[in-house]
Amino acid sequence: MLVVNTPGTWDHAYPPLLHAEWSGWTYTDTIFPFFLFIVGVSMALSFGRRFERGARRTDLFRHTVQRSAAIFGIGLGLNVLSFFLFHRAHLRIPGVLQRIGVCYLVAGLLYLTLGRRRLLPCAGVLLIFYWLLMTRAPVPGYGAGRLDTQGNLAAYVDRIILGEHTWKPGWDPEGPLSTIPAVASTLFGAMAGKLLRAKTSWTSKLAALMGAGALGITLGALWGIVFPINKSLWTSSYSVFMAGLASVCLALCLWVVDVRGWRAWAAPLRWLGSNALAIFTLSLLATLMLLWVKLPGADGKPKSLYATIYRTVFDRFADPRLGSLLFALAFLSVFVGLAGWLYKREIFLKV
C-alpha cells in the first residue's frame, strides 16, 4: 500500500501500480482485499488464543468494539487533518482505515455471535444479498442494474447518506453499501484463520487453503461474467475472486516460511506486520506533511516538498515511470527501517 500510494508522480506510474479504471483488476486491486482477508485470519487466531486463556465472550465483544472505533477514528482523523491542511471544500468521511474498522467490527461480532461454523453461510448471504441489490433494486433516474460510476445503487446510497462527504463527486469506493461484501472478505479470512488453528498436519492445512483458493478464484471469475469484478464497487465476484487469490498466496507463504523454514528474507515483512497500523498511519501523515510543506520552484511558483524531492532526486530517467517507482521504493525503505527499529526494541504500537 505504501508503494502504490506514493509514486513520485501520479502522471507516470507503471500500470500494475494503478487501480483498474473501473471493472477488471490489477496488482494494486489485490492489496485492500488481501488486507481485509488477513484481518480476518488474525481475528480468528487472536480470538482462539484468548478463549483458550479463559477470556469471556463479553470481554471480546468490548475489545472488538473499542478497537474498531479506534481504527475508524484514526482514519477519520487523517481525513480531518487533510481537510484543514489543504482547505478542501468537503470533508471525506469514509476511507481505508474506516472500512477496516467497520469490517473488523461486523465480522468480529458475527464471529462471536454466530460461531465459527456459520461464517461461510453468513458470507454467502451477504454476497448474494449485495448482488441482488446492485442488479435488481432501481435507482431513481437511472433504473435497475446500472453498474457505471453514477447510476449504480452503491453510489446512490453514498449520495443519500454521505452527501458531499465522498472521495469523488457523487460516490465513494469505501461507501456504506459496498462495505457489505467487504465484510464477507473479512469473514473468508476468519475461516482461513480457523483452519490454521485446526489440529491437523501442515500438508492438510495447505491443501485445504489451496483447494479453497482455487475454488474461490474459479467461482469469482464465473460470477464476474454476470456481475463484473470491480474494486470500486467491491462486487461479490471481486470479493470471492480476491479471497481465493489471497488463500492461495497465504498457502504459498506458509509453505515457504513455516514448512521449508526459509525465514530470513521475510524479516522486513515481519517488522512491518508487527506495527502495521502504526506504520500505515505514520506513512499517511508523512505524505500529508510532504505535500503541505511548500518550497519555491524553479519557475518561482511554490512546489510541495514531495514534488521537489521527486524532481530533484528521482526524475532522472528517460522513462519517468522508473523515477516515480524509485521514489515510492525509497519512501517505503524509510518506513521499513523505522519498522525494523521498533521491532528490535520490542516496541509494538497497537490499539
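These figures come from a predicted structure and were not determined experimentally. (Residues numbered from 1 in each chain as written. Predicted model: local features only at pLDDT ≥ 70, side-chain atom pairs only at ≥ 80, totals over all residues. Heavy atoms only, no water.)

**Q** Explain the overall build of the protein here, please?
**A** Regarding its fold elements, the protein presents 13 helices and four strands. Relative to a compact globule of 351 residues, whose C-alpha radius of gyration would be 20 Å, the protein shows 21 Å and is just as compact. The C-alpha extent of the protein, read off along each of the three principal axes, is 65 × 60 × 40 Å. The buried share of the protein, reckoned over its 351 residues, is 45%. Long-range pairs, those at least 24 residues apart, make up 67% of the contacts in the protein between residues at least 6 apart in sequence. Carbon together with sulfur atoms contributes 67% to the accessible area of the protein, which is approximately 17,600 Å² in total. (Helix = DSSP H or I, 4+ residues; strand = E, 2+ residues; numbered from the N terminus. Rg over C-alpha atoms; globule rule 2.2 N^0.38 Å. Buried < 20%, exposed > 50% of the residue type's maximum accessible area, 1.4 Å probe, protein only. Contact = heavy atoms within 4.5 Å. Areas by Shrake-Rupley, 256 points an atom, 1.4 Å probe, with all protein chains shown as cover.)

**Q** Please explain the side chain of Thr 179 as it appears in this structure.
**A** By the secondary structure assignment, Thr 179 is in helix H7 (residues 179-196). Overall, the relative accessible area of 9% leaves Thr 179 in the buried class. Polar side-chain contacts of Thr 179 include one of 2.8 Å to the backbone oxygen of Gly 175. Aside from chain neighbours lying at most four places away, what touches Thr 179 is Arg 99, Val 102, Cys 103 and Glu 174. (Polar contact = N/O pair within 3.5 Å; in protein donor to acceptor, adjacent residues only side chain to side chain.)

**Q** Even after reading the chapter, I still don't get the packing of helix H10 (residues 267-274) against helix H13 (residues 320-344), so can you show me in this structure?
**A** Two numbers describe a pair of packed helices, the interaxial angle and the distance between the axes. Two elements in contact, H10 and H13, have axes separated by 8 Å at closest approach and are oriented at 75 degrees. In terms of axis orientation, H10 runs roughly perpendicular to H13. Note on element contacts: H13 touches H10 through Phe 335, Val 336, Ala 339, Gly 340, Tyr 343 and Lys 344, opposite Pro 268, Arg 270, Trp 271, Leu 272 and Ser 274. Class assignment for the residues of the contact of H10 with H13 results in seven nonpolar, two polar and two charged. (Axes fitted to C-alpha atoms, helices over the stretch in contact; angles between N-to-C directions. Parallel < 35°, antiparallel > 145°, perpendicular 65-115°, else oblique. Nonpolar A, V, L, I, M, F, W, Y, C, P; charged D, E, K, R; others polar.)

**Q** What should I look at first to understand the layout of surface pockets in this one?
**A** Space left empty within the atom packing is revealed by a probe, the size of a water molecule, rolled over the atoms. Taken as a whole, the largest pocket encloses approximately 2,300 Å³ of empty space. Taken together, 49 residues line the largest pocket, and the ones lying closest to its centre are Phe 35, Ile 38, Leu 269, Gly 273 and Ala 276. Of all the elements, helix H2 (residues 31-52) adds the most residues to the lining of the largest pocket, at 13 residues. Residues that form the lining of the largest pocket fall into these classes: 37 nonpolar, six polar and six charged. (1 Å grid on protein atoms, 1.4 Å probe; cavity = no way out; pocket = protein on both sides within 12 Å on 5 of 7 lines; lining within 4 Å. Points joined across faces, edges and corners; volume = space filled by probe spheres on them.)

**Q** Looking at this structure, I do not really get helix H5 (residues 119-136). What am I missing?
**A** Its 18 residues place the ends of H5 25 Å apart at the C-alpha level, agreeing with the 26 Å of an ideal helix rising 1.5 Å per residue. Listing the buried residues of H5 in full gives Leu 119, Cys 122, Ala 123, Leu 126, Leu 127, Tyr 130, Met 134 and Thr 135. (Expected span 1.5 Å × (residues − 1).)

**Q** Looking at this structure, how should I read the state of the cysteines?
**A** In protein structure, a disulfide is the covalent linkage between the sulfur atoms of two cysteines. Considering all chains together, one arrives at zero disulfides under this definition. Not part of a disulfide, Cys 103 finds its nearest cysteine sulfur in Cys 122, a span of 12 Å. Its relative accessible area of 0% is what places Cys 103 among the buried residues. Assessed through its relative accessible area of 14%, Cys 122 is described here as buried. (Disulfide = S-S within 2.5 Å.)

**Q** Just checking my understanding: could you explain the pattern of salt bridges for this structure?
**A** Opposite charge on two side chains allows them to pair when their charged atoms are near. With the rule as written, the count across this model stands at ten salt bridges. Across the pair Arg 92 and Glu 174 runs a salt bridge, and its minimum N-O distance is 2.7 Å. Within this pair, whereas Arg 92 is found in the loop between helix H3 (57-85) and helix H4 (96-114), its partner Glu 174 is found in the loop between helix H6 (153-161) and H7, the two being separated by 82 residues in sequence. Residue classification places Arg 92 among the buried positions, given a relative accessible area of 19%. Overlapping salt bridges, with partners in common, bring together Arg 92, Asp 172, Glu 174 and Lys 231 in one network. (Salt bridge = Lys/Arg side-chain N within 4 Å of Asp/Glu carboxyl O.)

**Q** Explain the environment of Thr 312 here, please?
**A** Summarising the element assignment, Thr 312 is placed in helix H12 (residues 305-314). Residue classification places Thr 312 among the partly exposed residues on the basis of a relative accessible area of 47%.

**Q** Can you help me understand the packing of aromatic side chains in this one?
**A** Each aromatic ring pair is specified by the distance between its two centres and by the angle formed by the two planes. Counted according to the given criterion, the structure contains 15 aromatic pairs. Judged by centre distance (6.2 Å) and plane angle (90 degrees), the ring pair of Trp 167 and Trp 171 falls under edge-to-face. Classification of Trp 167 by relative accessible area gives partly exposed; the value is 49%. Members of the aromatic cluster, connected to one another through ring pairs, are Tyr 306, Tyr 310, Phe 314 and Phe 327. Here the guanidinium or amino end of Lys 168 rests over the ring plane of Trp 167, the centre of that ring lying 4.6 Å away. The residue whose ring lies beneath Lys 205 is Trp 202, and the NZ or CZ to ring-centre distance is 5.2 Å. (Phe/Tyr/Trp six-rings, centres within 6.5 Å; stacked < 30°, edge-to-face > 60°. Lys NZ or Arg CZ within 6 Å of the ring centre and 35° of its normal.)

**Q** Quick question: what am I supposed to make of empty space enclosed by the protein here?
**A** By the definition in use, this model includes two cavities of 30 Å³ or more. By volume, the largest cavity amounts to about 60 Å³. Forming the boundary of the largest cavity are Val 3, Val 4, Pro 7, His 12, Ala 13, Tyr 14, Leu 17, Arg 321, Ser 324, Leu 325 and Ala 328. Counting residues per element, the ones that place at least two in the lining of the largest cavity are helix H1 (2-5) and H13. Per-element tally for the lining of the largest cavity: the top contributor is H13, with four residues. Reported here for the second largest cavity is a volume of approximately 40 Å³. Residue lining of the second largest cavity: Thr 149, Asn 152, Ala 154, Ala 155, Asp 158, Trp 171, Asp 172, Ser 178, Ser 232 and Leu 233, and that is the complete set.

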